[in-house]
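Breakdown of the fold
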Amino acid sequence: MSQKVLLTSKEVNIILHRLACQLIEKHLDFSETLLVGIQPRGTYLAQRLKSILENQYHINSIALGYLDITFYRDDFRRTQKPLEANTTKIDFLVEDKKVIFIDDVLYTGRSVRSALTAIQSFGRPSEIELLVLIDRRFSRHLPIQPDYRGRQVDAINNEKVVVKWEEQDGEDGVYLVTN
C-alpha cells in the first residue's frame with residue numbers, strides 16, 4: 001500500500017478559508033441558509049467552515065445540522081456487516097431555506113443522492129447546494145456536481161482518497177492511497 005500527500009495541513013486551511021469566502025459571496029449573512037454536514041465525515045468539514053465564518057468573518061447564528069443517510073443509501077442492504085447509523089441533528093426548519101450539503105469527498109454521487117432523499121423528511125428547501133473538499137471527477141455513477149469544491153482529484157479505481165481531520169485523526173491532510 002502506498003500513500004501520496006494531496007493536501008498538507010496548511011493547504012487544507014487555505015482551501016477552507018477560500019470555501020468560506022465563496023459561501024459569503026453567495027449567502028451574505030446566512031439568515032436564509034443552513035449548513036448540513038453529511039454524516040459521518042462531512043460533519044468535520046461543516047464544523048470547520050462554521051467556525052471560520054463565525055470567528056474570522058463575524059457571521060453570527062449560522063444554523064448547522066448533521067444528516068445521517070445510512071438507511072437512505074441504495075446499497076445499504078448489499079453488505080454482510082451490520083450497519084451502524086450515525087446521528088441526525090437538525091433542530092431547525094428546512095422549509096423554504098437554502099441548504100448547503102457539506103461532505104469531505106464526492107465520489108460516486110450516491111451519498112448526495114441519499115442526502116437529497118433524507119432531507120425531505122425535514123421539509124422542502126427552496127434550494128440545495130453541495131460543497132465538498134475533494135471532488136473525484138471521473139468516478140461518478142450519478143449526474144451530481146458540486147457547487148463549491150476545494151480540489152479536484154483524478155483517481156483511478158484502486159486508488160482511494162483519505163481525508164484526515166485534526167478532531168478525529170490527530171492531523172489535517174488529504175492522501176491518495178493505493179492498495
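Just so it is clear, the structure is predicted and the values come from calculations on it, not from any experiment.

Moving on, we come to the side chain of R140. Position of R140 relative to the elements: it lies in the loop between β5 (127–136) and β6 (148–153). There is a polar contact of 2.9 Å between the side chain of R140 and the backbone oxygen of Y107. Engagement of the side chain of R140 in a polar contact is seen with the backbone oxygen of R136, the distance being 2.7 Å. Not counting residues up to four positions away in its chain, the partners in contact with R140 are L106, Y107, T108, G109, D135, Q145 and P146.

This next bit is on the pairing of strand β3 (residues 63–67). Counting buried positions over the 5 residues of β3 gives 5, a clear majority of the element. Bridging between strand β2 (residues 33–38) and β3 involves 5 bridges; their strand directions are parallel. What sits directly across from L34, in β3, is A63. Crossover handedness for the path β2 to helix α2 (residues 42–55) to β3: right-handed.

Once that is clear, we can look at unusual backbone geometry. Of the consecutive residues Q39 and P40, the connecting peptide bond is found in the cis state with omega at 0°. Here P40 is to be found in the loop between β2 and α2. Despite not being glycine, H58 has its phi angle at roughly 55°, a positive value. For H58, the location among the structural elements is in the loop between α2 and β3. Classification of H58 as exposed rests on a relative accessible area of 61%. We note that S61 has phi near 50°; this positive angle belongs to a residue other than glycine. Along the chain, the position of S61 falls in the loop between α2 and β3. For S61, a relative accessible area of 68% translates into the label exposed.

With that out of the way, let us pick up the environment of C21. Position of C21 among the secondary structure elements: in helix α1 (residues 9–27). Spatially, the C-alpha atom of C21 lies 25 Å from that of Y175, the residues being 154 residues apart in sequence.

Along its 19 residues, α1 runs 27 Å from first to last C-alpha, staying within 8% of the 27 Å computed at 1.5 Å per residue. Just past α1, the residue L28 takes up positive phi, approximately 50°.

So, about helix α3 (residues 110–119). V112, S114, A115, A118 and I119 are the residues of α3 that are buried. Down the axis, α3 shows its buried residues gathered within 155° of arc, on one side only. Residues of α3 that are buried sit in contact with β2, β3, β4 (98–106) and β5.

Procedures and definitions
Residues numbered from 1 in each chain as written. Predicted model: local features only at pLDDT ≥ 70, side-chain atom pairs only at ≥ 80, totals over all residues. Heavy atoms only, no water. Helix = DSSP H or I, 4+ residues; strand = E, 2+ residues; numbered from the N terminus. Polar contact = N/O pair within 3.5 Å; in protein donor to acceptor, adjacent residues only side chain to side chain. Contact = heavy atoms within 4.5 Å. Buried < 20%, exposed > 50% of the residue type's maximum accessible area, 1.4 Å probe, protein only. Pairing = 2+ DSSP bridges. Right-handed = clockwise from strand over helix to strand, strands pointing away. Expected span 1.5 Å × (residues − 1). Arc of directions from axis to C-beta.

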